[in-house]
Amino acid sequence: AQSVSQHNHHVILSEAASLELGCNYSYGGTVNLFWYVQYPGQHLQLLLKYFSGDPLVKGIKGFEAEFIKSKFSFNLRKPSVQWSDTAEYFCAVNDMDSSYKLIFGSGTRLLVRP
Amino acid sequence: NAGVTQTPKFRILKIGQSMTLQCAQDMNHNYMYWYRQDPGMGLKLIYYSVGAGITDKGEVPNGYNVSRSTTEDFPLRLELAAPSQTSVYFCASSRTSGRNEQFFGPGTRLTVL
């Protein structure tokens, strides 16, 4: 069965630091990749998504992610974090065989200190 | 548009009680989903629906039932609640599957004591 791994469960950064959150998936075929964010007390919302084409995708609020097929990875990055980026971040994947089904990683809690 | 709405926001149940978690969307989406989120575990798919009258099991369907009589509504029924069902439940919808973004509701925090 397909799985998604997010290796950093908790990350603490100071404002203006750079961020990289890891995401690896197990499926070897064609995949659709997503990063969702859950701000405190709010519902999940989409940060960015990748289906095909340029492996470097840009999302909202200055976030970007790079798809590296050979490494089965889709890491999330932001050059300079802000206090308002404090949230939980989820990587999710679906594949062409079961395209209705989003498999989520366990999430990374990011705390940005002012 | 309200998007995806869920009621109630919070609920405490006793073991063996039943309840229905309500979910509605006003985006005319065909696909709807129920997930549960446990601490450190990410989201797990309970049930999903590809349209009115059509539902199917996800990864963790045991102890739950769903129905989809209209495009807008997708209630989740818990029969004989158990402590293992203590979780946060999210409903989501999407226009179709695959590349389409899923839109999530605000969640229902359920505690079974």
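Residues numbered from 1 in each chain as written. Chains lettered and ligands numbered in written order. Predicted model: local features only at pLDDT ≥ 70, side-chain atom pairs only at ≥ 80, totals over all residues. Heavy atoms only, no water.

Trainee: Help me understand the sheet that holds strand β3 (residues 19-25) of chain B, please; the structure alone is not making it clear to me.
Mentor: The pairing of strands in a sheet happens through backbone hydrogen bonds and is either parallel or antiparallel. Residues and elements named next belong to chain B. With antiparallel pairing, 4 strands are arranged side by side in an open sheet as β1-β3-β8-β7. Each of the sheet's edge strands pairs with one partner strand only, and the pair in question is β1 (4-7) and β7 (64-66). Geometrically, the sheet is characterised by an average inter-axis angle of 20° between neighbouring strands, direction not taken into account. Note that β3 and strand β8 (residues 76-78) share 3 bridges and pair antiparallel. Bridge pairing in β8 links T20 to R77. (Pairing = 2+ DSSP bridges. Helix = DSSP H or I, 4+ residues; strand = E, 2+ residues; numbered from the N terminus. Axes fitted to C-alpha atoms, helices over the stretch in contact; angles between N-to-C directions.)

Trainee: For this particular structure, what's the right way to read the pairing of strand β9 (residues 87-94) of chain B?
Mentor: Residues and elements named next belong to chain B. The element β9 is extensively covered by neighbouring structure, given that 8 of its 8 residues are classed as buried. Residue alternation in β9 divides its side chains into two sets, S87, Y89, C91 and S93 and V88, F90, A92 and S94, and both sets are buried. Two strands pair when backbone bridges link them, and strand β4 (residues 31-38) and β9 are joined in this way by 7 bridges, in the antiparallel orientation. By the bridge assignment, Y31 is partnered in β9 with S94. Judged from the 3 bridges that link them, β9 and strand β11 (residues 108-112) form a sheet pairing that is antiparallel. By the bridge assignment for β11, V88 is matched with R109. (Buried < 20%, exposed > 50% of the residue type's maximum accessible area, 1.4 Å probe, protein only.)

Trainee: Please explain the interface of chain B and chain A as it appears in this structure.
Mentor: Often, the extent of an interface is quoted as the loss of accessible area upon association of its parts. Every contact between the two is made by 21 residues of chain B and, on the other side, 21 residues of chain A. Across the interface of chain B and chain A, roughly 1700 Å² is buried in total on both sides, 59% from carbon and sulfur atoms. At the junction of chain B with chain A, the criterion picks out 0 salt bridges. There are 2 residue pairs in polar contact (both at pLDDT 80 or more) connecting chain B and chain A. Listing elements by their share of the side of chain B that touches chain A, those giving two or more residues are β4 and β5 (42-51) of chain B. Residues of the side of chain B that touches chain A, tallied by class, amount to 10 nonpolar, 8 polar and 3 charged. (Contact = heavy atoms within 4.5 Å. Buried area = accessible area lost by both parts, 1.4 Å probe. Salt bridge = Lys/Arg side-chain N within 4 Å of Asp/Glu carboxyl O. Polar contact = N/O pair within 3.5 Å; in protein donor to acceptor, adjacent residues only side chain to side chain. Nonpolar A, V, L, I, M, F, W, Y, C, P; charged D, E, K, R; others polar.)

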